[in-house]
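# Summary of structural features
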Amino acid sequence: AAHARSVVHRDLKPANIVLRGGETPVILDFGMSHLEDATRLTHAGDVLGTPAYMAPEQIEGRGADPRSDLYAVGAILYEMLSGRPPFTAETLPELCRKVCDSEPSPLDADLPDPLRLVVMGLLAKDPARRLGPAADVATRLRQQVPV
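Just so it is clear, the model here is predicted, and its values are computed rather than measured.

## As for the nonpolar core
One recurring pattern in soluble globular proteins is that nonpolar side chains are buried together. Among the nonpolar cores identified, the biggest contains 28 residues, and Val119, Leu122 and Val137 are the most heavily contacted of them. Mapped onto this core, the elements with two or more residues apiece are α2 (66-82), α3 (92-101), α4 (113-122) and α5 (134-144). When sequence neighbours within four positions are dropped, the list of residues in contact with Val137 reads Leu70, Val118, Leu122, Leu131 and Gly132.

## Some words on the pattern of salt bridges
Counted under the stated rule, the structure contains six salt bridges. Residue Arg67 pairs with Asp65 through a salt bridge whose shortest N-O separation is 2.5 Å. Note on Arg67: relative accessible area 33%, which makes it partly exposed. Here Asp113 ties to Arg116 by a salt bridge, and the two come within 2.0 Å at their closest N and O atoms. Of this pair, Asp113 and Arg116 both sit in helix α4, separated by three residues, roughly a single helical turn. Assessed through its relative accessible area of 44%, Asp113 is described here as partly exposed. Judged by relative accessible area, which is 21%, Arg116 ranks as partly exposed.

## Here's the deal with the state of the cysteines
Taken as a whole and assessed by the stated rule, the structure comprises zero disulfides. Not engaged in a disulfide, the cysteine Cys96 finds its nearest cysteine sulfur in Cys100; these two sulfurs lie 6.6 Å apart.

## Some details on α4
Among all positions of α4, only Leu115, Val118, Val119, Gly121 and Leu122 are buried. Seen from one end, α4 has its buried residues packed into an arc of 165°, which puts them on one side. On the buried face of α4, the contacting elements are α2 and α5.

## A look at the environment of Lys13
Inspection of the secondary structure puts Lys13 in the loop between β1 (7-8) and β2 (17-20). Sequence separation between Lys13 and Ala72 is 59 residues; the distance between their C-alpha atoms is 6.8 Å. With sequence-adjacent residues up to four places away left out, Lys13 is seen in contact with Thr50, Tyr53 and Ile76.

## Describing the pairing of strand β3 (residues 24-27)
Inspection of the sheet shows β2 paired to β3 by four bridges, in the antiparallel sense. Considered in β3, the bridge of Val18 is made with Val26. Hairpin remark: β2 followed by β3, antiparallel, with three residues in the connecting loop; positive phi at Gly21, about 65°.

## Things to note about the packing of α2 against α4
It is the contact of α2 with α4, at a shortest axis distance of 7 Å, that shows an interaxial angle of 135°. The orientation of α2 with respect to α4, classified from their angle, is oblique. The handedness of the crossing between α2 and α4 is left-handed. Contact residues: α2 offers Leu70, Tyr71, Val73, Gly74, Leu77, Tyr78 and Leu81, while α4 offers Leu115, Val119, Met120 and Leu122.

Basis of the calculations
- Residues numbered from 1 in each chain as written.
- Predicted model: local features only at pLDDT ≥ 70, side-chain atom pairs only at ≥ 80, totals over all residues.
- Heavy atoms only, no water.
- Core = buried A, V, L, I, M, F, W, Y, C linked by side-chain atoms within 4.5 Å.
- Buried < 20%, exposed > 50% of the residue type's maximum accessible area, 1.4 Å probe, protein only.
- Helix = DSSP H or I, 4+ residues; strand = E, 2+ residues; numbered from the N terminus.
- Contact = heavy atoms within 4.5 Å.
- Salt bridge = Lys/Arg side-chain N within 4 Å of Asp/Glu carboxyl O.
- Disulfide = S-S within 2.5 Å.
- Arc of directions from axis to C-beta.
- Pairing = 2+ DSSP bridges.
- Axes fitted to C-alpha atoms, helices over the stretch in contact; angles between N-to-C directions.
- Parallel < 35°, antiparallel > 145°, perpendicular 65-115°, else oblique.
- Left-handed = near helix turned anticlockwise from the far one by under 90°.

Right, here's the structure in full:
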């Protein structure tokens, strides 16, 4: 819904998602969000967000668009399915390097292939190759998760 209104969250992470009624995910804390085509109040190259869930383009200071939020969704789903974030490190610079340059470990082979493909497609380094838009990703995920 946010992307349909040209709003990019820029800081999706597990702490910013709650389940309403125990079932419906609701995204919180739009304090760092921006309109896609709006003038920015931050300087070029500023990095805002939580690096473990940030897309490589955000870490590199190239800005964020809806595909950056989708990367974060992929990182969150990866953590939900594996019990760990896609990348961990002892230091912030090392974490940033891993997000930008490394591939996450493969997800458990016991997971359905289509689900693994969706999650890994969301974690594509190149935003042009990342799965999207959000409505299409949601449809693909609904097909994989029994209700």
